[in-house]
Amino acid sequence: MTVKEILDTMDYGPAPESAAEALTWLVDQGDRFGHFIDGAFTAPGPGFDSRNPATGEVLATLTQASGEEVNAAVAAARRAQHKWERLGGPGRARYLYAIARLLQKHARLFAVLETLDNGKPIRESRDIDIPLAQRHFYYHAGMAQLMEAELPDRQAIGVCGQIIPWNFPLLMLAWKVAPALAMGNTVVLKPAEYTTLTALLFSDICRQAGLPKGVVNIVTGDGAVGEMIVGHPDIDKIAFTGSTEVGRKIRAATAGSGKALTLELGGKSPYIVFDDADLDSAVEGLVDAIWFNQGQVCCAGSRLLVHEPVAERFHDKLRERMDKLRLGDPLDKCIDVGAVVDPVQLKTISDMVAGNTAGQTYHADVALPEGGCFYPPTLITGLAPSDRLMQEEIFGPVLVSTTFRTPGEAVQLANNTRYGLAATVWTENLNLALDIAPMLAAGVVWVNATNLFDAAAGFGGVRESGFGREGGWEGLSAYTRPKARTKALSPVPPMPEGGGAPADPLDRTAKLYIGGKQARPDGGYSRPVWSKSGALLGHVPIAGRKDVRNAVEAAQAAAGWAGTSGHLRAQILYYLAENLSARAGEFAHRIDAMTGRRGGEKEVQASIQRLFTAAAWADKYDGQVHGVPIRGVALAMKEPVGIIGALCADEAPLLGLVGVLAPAIAMGNRVVLAASDPFPLAATDFYQVLDTSDVPAGVVNILTGPHADLAAPLAAHLGVDAVWSFSSSDLSGAIERASAGNLKRTWVNHGQATDWQAADLRRFLEAATEVKNIWVPYGE
Amino acid sequence: MDMTDTAQTAHLPQVTEPRNPGMALDLDWVHGAQANRSAIERRAATLPGRRSVKKEYQAAWLLKAISCIDLTTLAGDDTANRVRRLCAKARQPVHVDLLEALGVGGLTVGAVCVYHDMIAPAVDALEGSGIPVAAVSTGFPAGLSPFHLRVAEIGESVKAGAKEIDIVISRRHVLEGDWQALYDEMKTFREACGAAHVKAILATGELGTLRNVARASLVCMMAGADFIKTSTGKEAVNATLPVSLVMIRAIRDYHERTGYRIGYKPAGGISKAKDALTYLALIKEELGDRWLRPDLFRFGASSLLGDIERQLEHHVTGAYSAGYRHAIA
């Protein structure tokens, strides 16, 4: 077109970013890549092509890792780990800093390569992905520097297997590698097979930074390679970002292996617009929410909930905005929506939308380029929660929408999902925003903004969006473990049947404690508890599946506990301590009678102390305000996990119960506890203490019975948010496997003993809370 | 296309567009206006990274920017001859050789903007060019002279030949939340303008908040403004992208609800060609292509033209230019 013609049309015209440097880099590497193992590239082997999804062109040939190659990578990481950890935080900080600098120096090369490989617009790789990746290494260089001083009780986990997705290839690598290295771990990372190239360029950066060989190893290939990593016996921790379906499989596969696990999975994140919002800005926010990276974002604001008074106007504005989106060559600097990553993904998106008959579908009025994997920005209005597209993750540029009447209904709709990754709230009313942000089931909430990320603020989900946080102080626990050495825990058997007379001729019937009342077991069976000398101490009910169900229902009914103040919870915990103290002698005697030892008094005193300590923490386990680079705050709020099921320690009949109960309810959780399997009577005696201490019904529920029978229904219960096991029965694997159903958080002992007398409650508090980051930009 | 084609280059909205008759003050609408500063700043900050025009497209866009400039002199030492020089530049804003190389003829700026006493020499110097003279008025820049004198000043300027009147609003009406007073003032100014079209200068740098900018924009449009304009150029902060975003979104709303297109004029602080491109992209994105013409969009600028000329020469020759190669105003 001539200048004169353009003056008439005022089109943008092409503004291509050159691919020359990136293509040259590929050619220089021979267009064929092996793996990066032990500080060097291996010879390329049989594998697969990496294609540019915008054109279909082959960019390079990659190698499918064999079992031997994975073994070699793990062995290299293992060899390097000890020395890397011993180097110390400040020593590691220098390498992380060097990597950050090198990422910055080669920023455009990374950005162009990322866009070629993934199809995302160059604006995003240039302005978002690569700068955030750099930021992650800078931030964690600082964390390495501070580790010894700030985390004196923590150490590296060891060798980490990391499996990352194709939507933010380098950024997800940074999220995984930076904290792992900072804390002294070494890694074996597998990039997604669609998008491997920037990980290989990153390998080159590691060499340039002089990173000791074996600290970072990168193996390439498809899911089969991921499975090898997940199943590898010499890997200590698995970190996975990807689909919920695969996350569930990994949970099941690692169950009982003792591997630490963090999962960052799918989402169907609500995007809530109230009638007093700046509607134009909320529309623009949707561009960043669902048309960012073609909607292939785990935390994409994909479920629009609009307040009825403005719904029609908002949808009109939105459709108008959609028509202004520019879709096309991802390397064009003037493009908003690039290519979907692969024909397979394009088909998934197309099929899901085509299969929907509900609501009204609007495709943006944009021309699709010939060839390449392109899908138009799409809005589907008028859906109901029962429609499939309101529930299932599409992972494409497709927004679904429904309306709500009240803030309460907005929260109800928002939380009507199996996922819980992120949520967005638009309102000019601070009262409203800060009221509902804590009510939303999500790990991240953005107020009047969306998709804000920073290394200083943790990212991660609740429910089936996975567990663990990446970024911030809260992210470090994913790559550290306590320094304390543990001892093996031997099974604690019940006392043999004595056949003697009752210790107390007046029968006291122990029942289950459900919803603040004593309840007979559904099955109608009891078992005797004998003393060491053979006296009958009493009978306890044998709880079963239905009792678990009833207990969880009672806990669900006590949801208000999460909203009580820390002060109130402290008062109740002090009251529990007071009432336990009043009966200290009786409990000590009971413990001694059951265990045949003389530790009862000490255990009772420790239990009273534990209640006091938990009460002390109830209003002091504060959140944080993170230093994120916006005018505003990111509030890291500590929220209760929800309903925690726990198999209490067998060896400490009272302290094992109180040691779980106290920190859990102090943080606002409700608990379903299985009492010490061999010595359950201290727990059943404790009902009266609970009754006299103003603990609301349903907050604490106690079952008795074989741990082996209670573990499965508890761990599989989809209404339970976390399961802990301190049982001396070997149930860790079974619990972890059963927990995959709703991806509940698990904390199991893997047959290791817990020192119940040790007073530090912080591990319990951490396990009893989730960190929710609420981003609140401000400015009038 | 010839640049003298009326439909493309008409300078006055009333030539091609039905003129905004105004409407009754709708306080619900005014009070309902929201402007979330952080979100608006994010949009403004990311826009230059989202939109990019290169090569011949950039040259065309820069020519478009020139056609939308209100070439301005508002100095205490203005003289008739100084204004004549400015008008000569307005008629021939870019060196003929460059325009020939670009294949474009008949390019002029959007208007010449002066104080009242300079209207006569400007009208004289621009005769036959089709370039309107705009006069700042109503006690510009503070707008604190007696109200009847401010109204009378408009009448004098129109009588002297100004086709566009850039009025300043009483900032105190906004700061005191007296929307009725602002509406009445604006309506009176509009009536005093008669056939001349009226640009309402909000002096956004003195309104305190973006929400006030949104509300003042709406009130002035309701009272019959043909254009809304950011600044006098004399405030500490003049045109910014976030303020522009708020004002043009108000224009978009007004158009959606009434069907009338109101013009937009950012003024003050826009001196680089690259900034001009960003503004044009902002208008294109938020208001649409129809607003990318001088009857609905103007830059209030004095030094912008020089930078654009240098960029155009660079486009034509491939070499970076020097300021002295281009005629001064």
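Calculation criteria
Residues numbered from 1 in each chain as written. Chains lettered and ligands numbered in written order. Predicted model: local features only at pLDDT ≥ 70, side-chain atom pairs only at ≥ 80, totals over all residues. Heavy atoms only, no water. Helix = DSSP H or I, 4+ residues; strand = E, 2+ residues; numbered from the N terminus. Rg over C-alpha atoms; globule rule 2.2 N^0.38 Å. Areas by Shrake-Rupley, 256 points an atom, 1.4 Å probe, with all protein chains shown as cover. Lys, Arg positive; Asp, Glu negative; His and termini not counted. Charge placed at Lys NZ, Arg CZ, Asp CG, Glu CD. Pairing = 2+ DSSP bridges. Axes fitted to C-alpha atoms, helices over the stretch in contact; angles between N-to-C directions. Parallel < 35°, antiparallel > 145°, perpendicular 65-115°, else oblique. Left-handed = near helix turned anticlockwise from the far one by under 90°. Contact = heavy atoms within 4.5 Å. Nonpolar A, V, L, I, M, F, W, Y, C, P; charged D, E, K, R; others polar. Core = buried A, V, L, I, M, F, W, Y, C linked by side-chain atoms within 4.5 Å. Buried < 20%, exposed > 50% of the residue type's maximum accessible area, 1.4 Å probe, protein only. UniProt positions renumbered as here; feature names shortened; annotations may be inferred. Phe/Tyr/Trp six-rings, centres within 6.5 Å; stacked < 30°, edge-to-face > 60°. Lys NZ or Arg CZ within 6 Å of the ring centre and 35° of its normal. Buried area = accessible area lost by both parts, 1.4 Å probe. Salt bridge = Lys/Arg side-chain N within 4 Å of Asp/Glu carboxyl O. pLDDT = per-residue confidence, 0-100.

**Focus on the overall build of chain A**
Part 1 of the reasoning: Helix and strand counts for chain A come out as 25 helices and 31 strands.
Part 2 of the reasoning: What you see for chain A is a C-alpha radius of gyration of 28 Å, in line with the 28 Å of a compact globule of 780 residues.
Part 3 of the reasoning: Summarising its shape, the C-alpha atoms of chain A cover approximately 105 × 60 × 45 Å along the three principal directions.
Part 4 of the reasoning: As presented, chain A carries roughly 27600 Å² of accessible surface, and 52% of it is formed by carbon and sulfur atoms.
Part 5 of the reasoning: When the 71 basic and 86 acidic side-chain charges of chain A are each reduced to a single mean position, those positions are 6 Å apart.

**Overview of the sheet that holds strand β25 (residues 632-640) of chain A**
Residue and element names in this part refer to chain A.
Part 1 of the reasoning: As summarised here, the arrangement of the 10 strands in space is β13-β14-β15-β12-β11-β16-β17-β31-β25-β24, forming an open sheet in which the pairing is mixed. Taken across any chain shown, the strands that pair with only one partner, and hence form the sheet edges, are β13 (360-363) and β24 (624-626). Mean inter-strand twist for the sheet, computed between neighbouring axes without regard to direction, equals 20 degrees.
Part 2 of the reasoning: The sheet contact formed by strand β16 (residues 422-426) and strand β17 (residues 444-447) spans 4 bridges and is parallel. Following the sheet pairing, threonine 424 is matched in β17 by tryptophan 446.

**Comments concerning the packing of helix α11 (residues 179-193) of chain B against helix α12 (residues 210-222) of chain B**
Describing two packed helices takes the angle between their axes plus the distance from one axis to the other.
All names here are of chain B.
Part 1 of the reasoning: At their nearest, the axes of α11 and α12 sit 8 Å apart, and the two run at 45 degrees to each other. Of the possible angle classes, the one that applies to α11 and α12 is oblique. For the pair α11 and α12, the sense of crossing is right-handed. Along its contact with α11, which presents Trp179, Leu182, Tyr183 and Met186, the element α12 presents Asn212, Arg215, Ala216, Val219, Cys220 and Met222.
Part 2 of the reasoning: Grouping the amino acids of the contact of α11 with α12 by side-chain chemistry returns 8 nonpolar, 1 polar and 1 charged.

**Brief notes about the nonpolar core**
Part 1 of the reasoning: With 123 residues, the main nonpolar core has Phe137, Phe202, Val216, Leu286, Trp291, Phe314 and Leu318 of chain A as its most contacted residues.
Part 2 of the reasoning: Excluding its chain neighbours within four sequence positions, the residues that come into contact with phenylalanine 202 of chain A are Ile99, Leu103, Phe110, Phe137, Leu170, Leu173, Val177, Val216 and Ile218 of chain A.

**Re the packing of helix α18 (residues 566-582) of chain A against helix α22 (residues 681-691) of chain A**
Residue and element names in this part refer to chain A.
Part 1 of the reasoning: Viewed as axis vectors pointing N to C, α18 and α22 meet at an angle of 125 degrees, and their least axial separation amounts to 9 Å. It follows that α18 is oblique to α22 by the angle criterion. Between α18 and α22 lies a crossing of right-handed hand. Listed contacts from α22 to Leu576, Asn579 and Leu580 of α18 are Phe686, Val689 and Leu690.

**Some words on the UniProt feature "active site" (unreviewed entry) in chain A**
Residue and element names in this part refer to chain A.
Part 1 of the reasoning: Feature annotation in UniProt places "active site" (unreviewed entry) on Glu264, given in this structure's numbering.
Part 2 of the reasoning: Relative to the elements of secondary structure, glutamate 264 occurs in strand β10 (residues 260-264).
Part 3 of the reasoning: By relative accessible area, glutamate 264 is classed as buried at 3%.
Part 4 of the reasoning: Leave out the neighbours within four places in its chain, and glutamate 264 touches Phe240, Thr241, Gly242, Cys298, Leu421, Phe459, Ser465 and Glu470.

**Examining the packing of aromatic side chains**
Part 1 of the reasoning: With the rule as written, the count across this model stands at 32 aromatic pairs over all chains.
Part 2 of the reasoning: The interplanar angle of 35 degrees and the centroid separation of 6.4 Å between the aromatic rings of tyrosine 271 of chain A and tryptophan 426 of chain A together place this pair among those described as tilted. On the criterion of sequence distance, the pair formed by tyrosine 271 of chain A in strand β11 (residues 269-273) and tryptophan 426 of chain A in strand β16 is long-range, its members being 155 residues apart.
Part 3 of the reasoning: Among the residues examined, tyrosine 271 of chain A registers a relative accessible area of 0% and is labelled buried.
Part 4 of the reasoning: With a relative accessible area of 1%, tryptophan 426 of chain A lands in the buried category.
Part 5 of the reasoning: One aromatic cluster is present, formed by Trp724, Phe726, Trp747, Trp756 and Phe764 of chain A through successive ring pairs.
Part 6 of the reasoning: For the cation-ring pair, lysine 237 of chain A lies above tyrosine 479 of chain A, with the distance from its terminal atom to the ring centre recorded as 4.6 Å.
Part 7 of the reasoning: The positively charged end of arginine 257 of chain B is found above the aromatic ring belonging to tryptophan 29 of chain B, 4.2 Å away from the centroid.

**Points about the UniProt feature "domain: Aldehyde dehydrogenase" (unreviewed entry) in chain A**
All names here are of chain A.
Part 1 of the reasoning: UniProt marks residues 48-483 and 534-751 with the feature "domain: Aldehyde dehydrogenase" (unreviewed entry), using the numbering shown here.
Part 2 of the reasoning: Taken end to end, residues 48-483 comprises 41% helix and 18% strand; its first and last C-alpha atoms sit 43 Å apart.
Part 3 of the reasoning: For residues 534-751, the helix share is 46%, the strand share is 18%, and the end-to-end C-alpha distance is 29 Å.

**Observations concerning the interface of chain A and chain B**
Part 1 of the reasoning: Taken together, the contact between chain A and chain B spans 44 residues of the former and 47 residues of the latter.
Part 2 of the reasoning: The junction of chain A with chain B conceals about 4100 Å² of combined surface from both sides, 48% of it contributed by carbon and sulfur atoms.
Part 3 of the reasoning: Three residues, Met10, Tyr12 and Glu780 of chain A, lead the burial of chain A against chain B; their summed loss comes to 20% of the area buried on that side.
Part 4 of the reasoning: With its nearest N and O atoms 3.9 Å apart, the salt bridge here joins aspartate 253 of chain B to arginine 313 of chain A.
Part 5 of the reasoning: For the side of chain A that touches chain B, the secondary structure elements donating two or more residues are α1 (3-9), α6 (122-150), α11 (279-290) and α12 (311-323) of chain A.
Part 6 of the reasoning: The biggest single contributor to the side of chain A that touches chain B is α1 of chain A, with 6 residues.
Part 7 of the reasoning: Looking at the side of chain A that touches chain B residue by residue, the class counts come to 17 nonpolar, 5 polar and 22 charged.

**Details of the confidence of the model for chain B**
Residues and elements named next belong to chain B.
Part 1 of the reasoning: In the predicted model, chain B carries a mean pLDDT of 95, and 95% of its residues have values of at least 70.
Part 2 of the reasoning: In this model, residues 1-8 is a region of pLDDT below 50 whose contacts with residues beyond four sequence positions or in other chains number 22 contacts.
Part 3 of the reasoning: The ipTM for the predicted assembly is 0.95, set against a pTM of 0.96.

**Quick word on the pairing of strand β29 (residues 722-725) of chain A**
Taken residue by residue, a regular strand's side chains alternate between the two faces of the sheet.
Residues and elements named next belong to chain A.
Part 1 of the reasoning: Burial along β29 is two-sided: the residues Ala722 and Trp724 and Val723 and Ser725 are all buried.
Part 2 of the reasoning: Sheet topology places strand β26 (residues 643-647) next to β29; 4 bridges connect them, and they run parallel. By the bridge assignment for β29, glycine 645 is matched with valine 723.
Part 3 of the reasoning: Note: β29 against strand β30 (residues 745-748), 4 bridges, orientation parallel. The residue of β30 that forms the bridge with valine 723 is threonine 746.

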